[in-house]
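A closer look at the structure
What follows is each chain in one-letter form.
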Amino acid sequence: MEAWRQFNTGLFSLDFKDPTRSDFQASALSYRIGETILGRYSVTENVVRRTISRLSIEREDLLVIRMHLSGQTKGVMNGRDFLMQADRITMFDFHQSIEAHTNDVDYLSLTVPFSTVGYDPSRHPHLMQFPISSPFARVVGANLQQLIDLAPQSSVADATTISEGLVNLLRTFIAGTVPDQPTEECAVSTKIAIRRYIQANLRNPNLTVDGICNAMHVQQRDLYGMFEVDGGVRRFISRLRLEGAYEELSYTEPMRGAVARIAGRWTYPDQAYFSKLFHENFGVRPTDALGTNLQVSGTLSVGKSATTTSSEPLISLY
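Before going into details, it helps to say that this report is about the structure given with it. Each chain has its residues counted from 1, following the order in which its sequence is written. Per-residue local features of the predicted model are confined to residues with pLDDT of at least 70, and side-chain atom pairs are confined, for both listing and counting, to 80 or more; whole-chain, interface and lining totals are unaffected and use all residues. With hydrogens and water excluded, all non-hydrogen atoms of the structure serve as input to the side-chain values.

1. Thoughts on the pattern of salt bridges
By convention in these notes, a salt bridge is any Lys or Arg side-chain nitrogen within 4 Å of a carboxyl oxygen on Asp or Glu. For the structure on display, the rule yields 8 salt bridges. With its nearest N and O atoms 2.9 Å apart, the salt bridge here joins R195 to D230. With R195 in helix α6 (residues 184–200) and D230 in the loop between α8 (220–226) and α9 (233–250), the pair connects residues that are 35 residues apart, well separated along the chain. With a 1.4 Å probe rolled over the protein chains alone, any residue whose accessible area is under 20% of its type maximum counts as buried; one over 50% counts as exposed, and the rest are partly exposed. Its relative accessible area of 25% is what places R195 among the partly exposed residues. A salt bridge links D288 to R285, with the shortest nitrogen-to-oxygen separation between them at 3.2 Å. In this text, helices come from DSSP runs of H or I with a minimum length of four residues, and strands from runs of E with a minimum of two, each type numbered from the N-terminal end.

2. Details of the packing of α9 against helix α10 (residues 258–265)
Only the stretch in contact is used when fitting a helix axis, every axis being a line fitted to C-alpha atoms; angles between N-to-C directions are given from 0 to 180 degrees. At a closest axis distance of 10 Å, the pairing of α9 and α10 adopts a crossing angle of 145°. With respect to the hand of their crossing, α9 and α10 are arranged in right-handed fashion. The residues of α10 that touch α9, namely those facing A245, E248 and L249, are V259, I262 and R265. Side-chain classes are defined by residue name, with Ala, Val, Leu, Ile, Met, Phe, Trp, Tyr, Cys and Pro counting as nonpolar, Asp, Glu, Lys and Arg as charged, and the others, Gly among them, as polar. Among the residues forming the contact of α9 with α10, the class breakdown is 4 nonpolar, no polar and 2 charged. Left-handed is the label given to a crossing in which the near helix is rotated counterclockwise from the far helix by less than a right angle, and right-handed is the label when the rotation is clockwise. The contact criterion used is simple: two residues touch if any of their non-hydrogen atoms lie within 4.5 Å.

3. Digging into helix α11 (residues 271–282)
The span expected for a helix works out to 1.5 Å for each residue beyond the first. Taking 1.5 Å of rise per residue, the 12 residues of α11 would be expected to cover 16 Å, and the 16 Å separating its terminal C-alpha atoms lies within 8% of that figure. Looking at α11, one finds that the buried residues are F274, L277, F278 and F282. Each buried residue of α11 sits inside an arc of 105° when the element is viewed along its axis, so together they form one side. Exposed side chains of α11 directed beyond 90 degrees from the buried face belong to A272 and E280. Each element contacted by the buried residues of α11 is listed here: α9, α10 and α12 (286–289). Capping of α11 at its N-terminal end is provided by D270; its side-chain oxygen lies 3.1 Å from the backbone amide nitrogen of A272. Note that the arc is defined by the directions from the helix axis to the C-beta atoms. By the criterion applied in these results, polar contacts are pairs of N or O atoms within 3.5 Å in which, for protein atoms, one can donate a hydrogen and the other can accept it, and in which residues neighboring in sequence qualify only through two side-chain atoms.

4. As for the nonpolar core
Of all hydrophobic cores here, the largest spans 68 residues; its most connected members are I198 and I212. In this structure I198 touches L207, I212, F227, V233, F236, I237 and L240, once residues within four positions along its chain are discounted. In terms of nonpolar packing, the next biggest core, distinct from the first, is built from 11 residues, V48, F82, M84 and F92 among them. To define a nonpolar core, start from buried Ala, Val, Leu, Ile, Met, Phe, Trp, Tyr and Cys residues and group those joined through side-chain atoms within 4.5 Å.

5. Some thoughts on the packing of aromatic side chains
Here the aromatic set is Phe, Tyr and Trp, taking the six-membered ring for Trp, and pairing holds for ring centres within 6.5 Å; pairs whose planes are under 30 degrees apart are stacked, those over 60 apart are edge-to-face, and all others are tilted. Following the criterion strictly, the structure yields 12 aromatic pairs and no others. Relative to F173, the ring of F136 has its centre 4.2 Å away and its plane inclined at 25°; by these criteria the two rings are stacked. Highlighted residues: F136 in helix α4 (residues 135–150) and F173 in helix α5 (residues 156–175), separated in sequence by 37 residues. When the ring of Y268 is compared with that of Y273, the centres are 6.4 Å apart and the planes differ by 50°; the resulting orientation is tilted. Judged by relative accessible area, Y273 falls into the partly exposed class, the value being 44%. An aromatic cluster of at least three residues, connected via ring pairs, comprises Y246, Y268, Y273, F274, F278 and F282. Any Lys NZ or Arg CZ found within 6 Å of a ring centre and within 35 degrees of that ring's normal is scored as a charge over the ring. Note that R66 overlies the ring of Y107, its terminal NZ or CZ placed 4.1 Å from the centroid.

Here's what the structure looks like:
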């Protein structure tokens, strides 16, 4: 508890609802990527306050994008009530007085200077929230998650590419205009979000091009262009489904009906068609894949590639 208090020194004053509780837990992990600071934070329960006196010593004005994974934060910012939780993404001016009550929160945060994204506190709202199902929140959320997943082993160059794409998206959104042709950086961010959407819906037999376009707010021609190097979006989806089926087969005991059940779970009700595609992609039959990872520990699945850890890590702040 005292360590958490020290961590926030200079930014907030902290109170604890029950300073004697023994189960208090808090953690913070932050990375600097270019002009942005990415972090994942969790805390069981506390109250944070920032007043005008503390704001006067801030080094620069910052915009914060926060995505709660669990729990909630509620309070008052510059006289306005707010609630942050997992059903929405929040964007707010960090240079505001605030009192916030947190309760078992786990959240991702991206902090960026006003000037980087064109935010003007005299013209733009101090607090903006977007439903997690909205196209804007889908893209932002997917990129935040991608960044935090990559951070421990990624190179500065790789992380900066994603970070710059996200910053460009924020800049475009804040400017209130959408270009006829998205910039290369925005396209990178959108593609990351679309890939995550596809991965989350691979077992849904109704995953279609039209459905993806509607959910992610993209045109079909743009979607096809994004996946041209993958042989097309439909082939990309099929490959991911087959790889998922291969992995599940490899951890399944060989038994009657196993292949048919797994094929069905990965949207292939026709076992003969599934077997044909499986053999074309992996050079083996589904029955040959059954139980292979039960026999040999650490075997990589066919179609999977090892990730090489970069020698140029991100700068970890905490």
